[in-house]
Amino acid sequence: MNTEYLIGFILVAATVAAGLAASSMLPALGSVTAAILAGMLVGNLTPWPEKGKKGIKLCEKRLLNIAIALIGFELDFTAVAGLGGGSILVITGVIALSITVGLVFGRIFPLPKRLALLLGIGNGVCGSAAIAAAAPLMKAKQEEIGISIGIINLLGAAAIFLLPFLARVLELDSTQSGLLVGGTVQAVGQTLATGLRMGEEVARTAIVIKMGRVLLLGVVLIALSIAFRSEKSGSFPVPTFIVAFLICALAVNTLPLPRYFLSLVENLKTALLLCAMAAIGMSIGFSSLSRHGVMALSVGAGIFAINIALVLGLV
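Residues numbered from 1 in each chain as written. Predicted model: local features only at pLDDT ≥ 70, side-chain atom pairs only at ≥ 80, totals over all residues. Heavy atoms only, no water.

*Asks:* What is the right way to look at the packing of helix α5 (residues 85–108) against helix α15 (residues 286–314) in this model?
*Replies:* Axis angle and axis distance: for two packed helices, these are the angle between their axes and the distance between the axes, and together they describe the pair. Two numbers describe how α5 lies on α15: the axes approach to 10 Å, and their chain directions differ by 150°. In terms of axis orientation, α5 runs roughly antiparallel to α15. When the axes of α5 and α15 are compared, the crossing they make is right-handed. On the side of α5, the interface is formed by Leu 89, Val 90, Gly 93, Val 94, Leu 97, Ser 98, Val 101, Gly 102 and Phe 105, while α15 contributes Val 299, Gly 302, Ile 303, Ile 306, Asn 307, Leu 310, Val 311 and Leu 314. When the residues that make up the contact of α5 with α15 are grouped by side-chain class, the tally is 12 nonpolar, 5 polar and no charged. (Axes fitted to C-alpha atoms, helices over the stretch in contact; angles between N-to-C directions. Helix = DSSP H or I, 4+ residues; strand = E, 2+ residues; numbered from the N terminus. Parallel < 35°, antiparallel > 145°, perpendicular 65-115°, else oblique. Left-handed = near helix turned anticlockwise from the far one by under 90°. Contact = heavy atoms within 4.5 Å. Nonpolar A, V, L, I, M, F, W, Y, C, P; charged D, E, K, R; others polar.)

Following this line, the structure appears as structure tokens:
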């Protein structure tokens, strides 16, 4: 094996281990954000990434694509089969508005358009997983991926404390609270944590609504594949890893796959995603973070606030 590949793989694995150690001490940070931050520190403060460039690049691209495909195994069609018209309106409304606002903010504010759109997708669909899946289709820069994932995870952590307080002030009932949480919180884990702080009934409603948003990830990815396809390209508009994502989603919903297999896939997906995020973090310079960080946080928080206002208006 080429030395550059080997050094890169070892460096990425060590960075992931450091990130996991940090996230275990600060659970609110989240393992994905911790991997990105650890990668940034390694990339900016050490000379090692230059020596393992080929291995790091492989982790950025190939491992990320495989992880995205494996996310398909997390989609559960039956979980959203009984959704009513109001719930479907919340789900589609949040996703459509979030992406639209991201596009608009990208034109209004001094922020790269792809970064603003990633913030819209992360807020609207399913957090860092949606950003990781959408970024290759948009040809987003590594710094845009890292910054957007960090901000979305930060907003999700804030939601765990903000939304229960908001529900109490507005005197929302369990169903309304579940719709608020499931319709606005970014990641599945954060949705569950927020819902459980408000009661099991709220958590159950929130997770069903959230899975409806996750289910539409495939639709969003196909739309992005077509929208960002090069006009010169005559190839099939949907990338291979998105086709694999859809196949995995169909397989888990139509075949009697054993639990141990799904558990193995979940662990593999997490490991590959963390490696990809650590590698992406190594490509983010502190200068780009200082240049876009505050504005990106403002835009991300603005999109989140608009989503909350939409759901409150619908419930």
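Additional details are given in the paragraphs that follow.
*Asks:* Explain the nonpolar core here, please?
*Replies:* What tends to happen in soluble globular proteins is that the nonpolar side chains get buried as a cluster. Residues Val 12, Ile 121 and Met 277 are the most contacted members of the largest nonpolar core, which totals 92 residues. Among the elements that take part in this core, helix α14 (residues 259–281) stands out by supplying 10 residues, more than any other. When residues no more than four places from it in sequence are discounted, the contact partners of Met 277 are Val 32, Ala 35, Ile 36, Leu 64, Ala 132 and Ile 149. (Core = buried A, V, L, I, M, F, W, Y, C linked by side-chain atoms within 4.5 Å. Buried < 20%, exposed > 50% of the residue type's maximum accessible area, 1.4 Å probe, protein only.)

*Asks:* I'm lost on the side chain of Arg 213 in this one. Help?
*Replies:* As for its position among the elements, Arg 213 is in helix α11 (residues 200–215). Buried and unpaired, Arg 213 has Glu 74 as its nearest opposite-charge partner, separated by 14 Å. Side-chain polar atoms of Arg 213 contact the backbone oxygen of Gly 182, separated by 2.7 Å. When residues no more than four places from it in sequence are discounted, the contact partners of Arg 213 are Ile 91, Val 94, Ile 95, Asn 123, Gly 124, Val 125, Val 181, Gly 182, Gly 183, Thr 184, Val 185 and Gln 186. (Lys, Arg positive; Asp, Glu negative; His and termini not counted. Salt bridge = Lys/Arg side-chain N within 4 Å of Asp/Glu carboxyl O. Polar contact = N/O pair within 3.5 Å; in protein donor to acceptor, adjacent residues only side chain to side chain.)

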